[in-house]
Amino acid sequence: MSDRDAARPTPRIPRGFRDLFAADLAARRQMVQTIIGVYERFGFEALDTPAFEYLDVLGKFLPESDTPAGGVFALRDDDEQWMALRYDHTAPLSRFYAQHGNRLTNPFRRYQVGPVWRQEKPGPGRFREFYQCDFDTVGTDSMVADAEICAVVATCFEALGIGRGDYILKVNNRKVLGGVLDAIGLPQDQSGGRLTVLRAIDKLDRLGEDGVRLLLGKGRMDASGDYTRGAGLAAEQIEIVMGYLGACVSDRQEVCGRLRELVGGSEEGEEGVRELEEIHDLLDAMDLGPDQVLFDPSVVRGLAYYTGPVVEAVLTFEVEEDGEKRELGSLLGGGRYDDLVERFTGEKIPATGASIGVDRLLAALEALGRLEADRAERPVVITIFERDRMADYQRMASDLRSAGIAAELYLGKKGFRQQLKYADKRDSPVAVIAGSNEFEGGTVTLKDLRLGKKLSREITDREKWKEQPAQVSVKREDLVSGVRSLLERHS
RNA sequence: GCCGGCGUAGCUCAGCUGGUUAGAGCGCCUGAUUGUGGAUCAGGAGGUCCCCCGUUCAACCCGGGGCGUCGGUACCA
């Protein structure tokens, strides 16, 4: 190996990142457009913010130190200030609102679509760069805004072809969760213990009831032999929490009733239940039934900033890949965060919103085979016979393009046979063929590549194949109309 | 972060109880077919068997370390 070889980089990308090519991008673009359409119909306005924010704006300094916390991609600018790639769209929104709130309408409703970055271990359907479609309402504490989140999401899903019954939105309220913790005698100041309980609750769907019981009590040993310390609750306390987790039934009002008992007079808990009841009425008014939105007490949604109602969405069917069931995880997360803006201004500004995970949704639809076919327009390929007549070929391309038809010249150096292979691989609908015969006669030959592909399945005889049933000859001046009629055959 | 599986051609994967020339299918290239994508047939190109160190007369295979990847678990705005 020479020194030069040693210095030659291996082409590769960092783990958790990906290249997306034409079909992926077309699918994503289509999905994002559908989602944006719904957001705008609900009155949200577009906002875009930079990929980088200062680290203190994101709130990701390690406590008592000037180094970034884990989980963010951070670097130091030339003025020594730490900045980091945004890890969601909510923190930049808070910053934007704190900075420009006086010039914005109040309440302020905006959506933001784009990539976010998290420096953590990638997993199945989990990347370090991924797209989120976020929408939020800042400046109102009305439960209407929270209930509307459900309507927005349900509308999006259904517009994307995920019908009623295929998905379920799960709503809970952090205040109820807090109330239950009050009720079992875990006070606010025992934040460590409360966190451990919340973490345990969050794992219900993965570890099941027994796993959660262990985590609430002494702790749990997992399959790999790793031991997780539990919350150390007493048996009676565990029973209350498990009862709470079991309170999810299809009747939302009944859930509220059960929760009211479980929070045992906790003021915070009572308030949470009242909020849920209000949301229930609003959902009813929007015709969102229990087949679309459920109250599920096990929903925690992370540990950080949510202060009230929280929501997540899951698909109700299982997806198999390579014969194995695939866990799709949550396709959307959101909730109310009433003190996020306060960090900047000292003023308490209520806000609520949610974020659709585009990549997971895309993966789900793809696994289901419900992705609409790649609709990106494939170009007509103009093959080249006589290299000294490039101007004539170029004119054909211009004519087609002027008529709004995607077209390209074959730009390689290979022979005609290879040019057609190229067009085939490109999934081009039509090849334009013009050699000396055509030029002499003032015609062009148009080959319907899609029809040809179809016919080739039936033709096994070389001579029949050579008859070229998928080709037509038209006058040069009829190039555009001729191509158009071939394109229309298959649309 | 911790635990485990895997890493052989562009892709999917075989193979070797360690023995010198490492295979298949698909894909790719050339031709049969002076101007026609398919099918068929005949040829062909393509591999540091992930990297480094060690054991050995001999390592793609065994041992150690690393990297990557996949899965579980922890953390997660």
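Residues numbered from 1 in each chain as written. Chains lettered and ligands numbered in written order. Predicted model: local features only at pLDDT ≥ 70, side-chain atom pairs only at ≥ 80, totals over all residues. Heavy atoms only, no water.

Draft legend 1. The overall build of chain A, seen in detail. For chain A, the helix and strand inventory stands at 19 helices and 20 strands. Principal-axis analysis of the C-alpha atoms places the extent of chain A at approximately 95 × 60 × 55 Å. The buried share of chain A, reckoned over its 491 residues, is 45%. Considering only contacts within chain A whose residues lie at least 6 apart along the sequence, 68% involve residues at least 24 apart. If you sum the accessible surface of chain A, you get close to 25700 Å²; carbon and sulfur atoms cover 47% of it. Computed over 67 positive and 83 negative side-chain charges, the separation of the two mean positions in chain A equals 7 Å. (Helix = DSSP H or I, 4+ residues; strand = E, 2+ residues; numbered from the N terminus. Buried < 20%, exposed > 50% of the residue type's maximum accessible area, 1.4 Å probe, protein only. Contact = heavy atoms within 4.5 Å. Areas by Shrake-Rupley, 256 points an atom, 1.4 Å probe, with all protein chains shown as cover. Lys, Arg positive; Asp, Glu negative; His and termini not counted. Charge placed at Lys NZ, Arg CZ, Asp CG, Glu CD.)

Draft legend 2. Structural view of the environment of Phe 295. Checked against the element boundaries, Phe 295 lands in strand β10 (residues 293-295). Spatially, the C-alpha atom of Phe 295 lies 8.9 Å from that of Asn 173, the residues being 122 residues apart in sequence. Sequence-distant contacts of Phe 295, that is, excluding residues within four places in its chain, are made with Val 171, Cys 248, Arg 252, Val 255, Cys 256, Leu 276, Ile 279, His 280 and Leu 283.

Draft legend 3. View of the confidence of the model for chain A. Residues of chain A with pLDDT of at least 70 account for 93%, and the chain-wide mean is 89. For residues 1-6, every residue scores under 50 in pLDDT, and the model assigns this stretch one contact once sequence neighbours within four places are set aside. (pLDDT = per-residue confidence, 0-100.)

Draft legend 4. Highlighting the domain arrangement of chain A. If you check the domain split of chain A, you get domain 1 (22-191 + 237-367) and domain 2 (380-489). If you average the C-alpha positions of domain 1 and of domain 2, the two centres end up 52 Å apart. (Domains from an automatic or database assignment.)

Draft legend 5. Looking closely at the packing of helix α8 (residues 204-216) against helix α9 (residues 235-245). Relative to each other, α8 and α9 sit at 165°, their axes nearing to 10 Å. Between α8 and α9, the angle falls in the class roughly antiparallel. The two elements α8 and α9 cross, and the hand of that crossing is right-handed. Touching Leu 204, Glu 209, Val 212, Arg 213 and Leu 216 of α8 are Ile 238, Glu 239, Val 241, Met 242 and Leu 245, all from α9. Counted by class, the contact of α8 with α9 contains seven nonpolar, no polar and three charged residues. (Axes fitted to C-alpha atoms, helices over the stretch in contact; angles between N-to-C directions. Parallel < 35°, antiparallel > 145°, perpendicular 65-115°, else oblique. Left-handed = near helix turned anticlockwise from the far one by under 90°. Nonpolar A, V, L, I, M, F, W, Y, C, P; charged D, E, K, R; others polar.)

Draft legend 6. Summary view of the protein's contact with RNA strand B. Within the structure, RNA strand B sits among 45 residues, and Asp 222, Arg 417, Asn 437, Ile 459 and Gln 471 are positioned closest to it. What you see for RNA strand B is that sugar and phosphate hold 50% of its atoms within 4 Å of the protein. Here a phosphate oxygen of RNA strand B sits 2.5 Å away from a polar atom, N or O, in the side chain of Arg 417. Lys 447 places a polar side-chain atom, nitrogen or oxygen, 2.9 Å from a base oxygen of RNA strand B. Among the elements of the structure, α15 (416-425), α16 (436-441), α17 (449-456) and α18 (462-466) are those that each provide at least two residues to the surface near RNA strand B. Per-element tally for the surface near RNA strand B: the top contributor is α15, with seven residues. The residue makeup of the surface near RNA strand B, split by class, is 13 nonpolar, twelve polar and 20 charged. (Near = heavy atom within 4 Å. Polar contact = N/O pair within 3.5 Å; in protein donor to acceptor, adjacent residues only side chain to side chain.)

Draft legend 7. Fine view of the environment of Leu 294. Take Leu 294: it is sitting in strand β10. On the accessibility criterion, Leu 294 (16% relative accessible area) is buried. Expressed as a C-alpha distance, the spacing of Leu 294 and Leu 449, which sit 155 residues apart in the sequence, is 51 Å. Here Leu 294 is in contact with Ile 168, Leu 169, Lys 170, Val 171, Cys 248, Val 249 and Ser 250, once residues within four sequence places are set aside.

Draft legend 8. Layout of the side chain of Arg 128. Structurally, Arg 128 is set in the loop between β5 (108-117) and β6 (129-138). As a buried residue without a salt bridge, Arg 128 has its nearest oppositely charged side chain in Glu 120, at a separation of 8.6 Å. (Salt bridge = Lys/Arg side-chain N within 4 Å of Asp/Glu carboxyl O.)

Draft legend 9. Examining the pairing of strand β18 (residues 430-433) more closely. Burial of the side chains of β18 extends over both faces: Val 430 and Val 432 are buried on one face and Ala 431 and Ile 433 on the other. Pairing analysis gives two bridges linking strand β16 (residues 380-382) to β18, with the strands arranged parallel. Bridge pairing in β18 links Ile 382 to Val 432. Across four bridges, the pairing between β18 and strand β19 (residues 443-448) is antiparallel. Following the sheet pairing, Ile 433 is matched in β19 by Thr 445. (Pairing = 2+ DSSP bridges.)

Draft legend 10. Structural context of the nonpolar core. With 73 residues, the main nonpolar core has Tyr 39, Phe 135, Phe 157, Leu 169, Leu 216, Leu 259 and Ile 356 as its most contacted residues. The element best represented in this core is helix α5 (residues 143-159), accounting for ten residues. Setting aside chain neighbours within four positions, we find Leu 216 in contact with Val 197, Ala 200, Ala 231, Gly 232, Leu 233, Ile 238, Val 241 and Met 242. Ranked by size, the runner-up nonpolar core spans 25 residues in total, among them Leu 400, Ala 407, Leu 446 and Leu 449. (Core = buried A, V, L, I, M, F, W, Y, C linked by side-chain atoms within 4.5 Å.)

Draft legend 11. Structural view of the pairing of β6. For β6, a buried count of eight out of ten residues is recorded, marking the element as mostly surrounded by other parts of the structure. As paired strands, β5 and β6 are joined by ten bridges and run antiparallel to one another. When the bridges of β6 are listed, Phe 108 appears paired with Val 138. Pairing geometry for β6 and strand β15 (residues 351-357), over seven bridges, is antiparallel.

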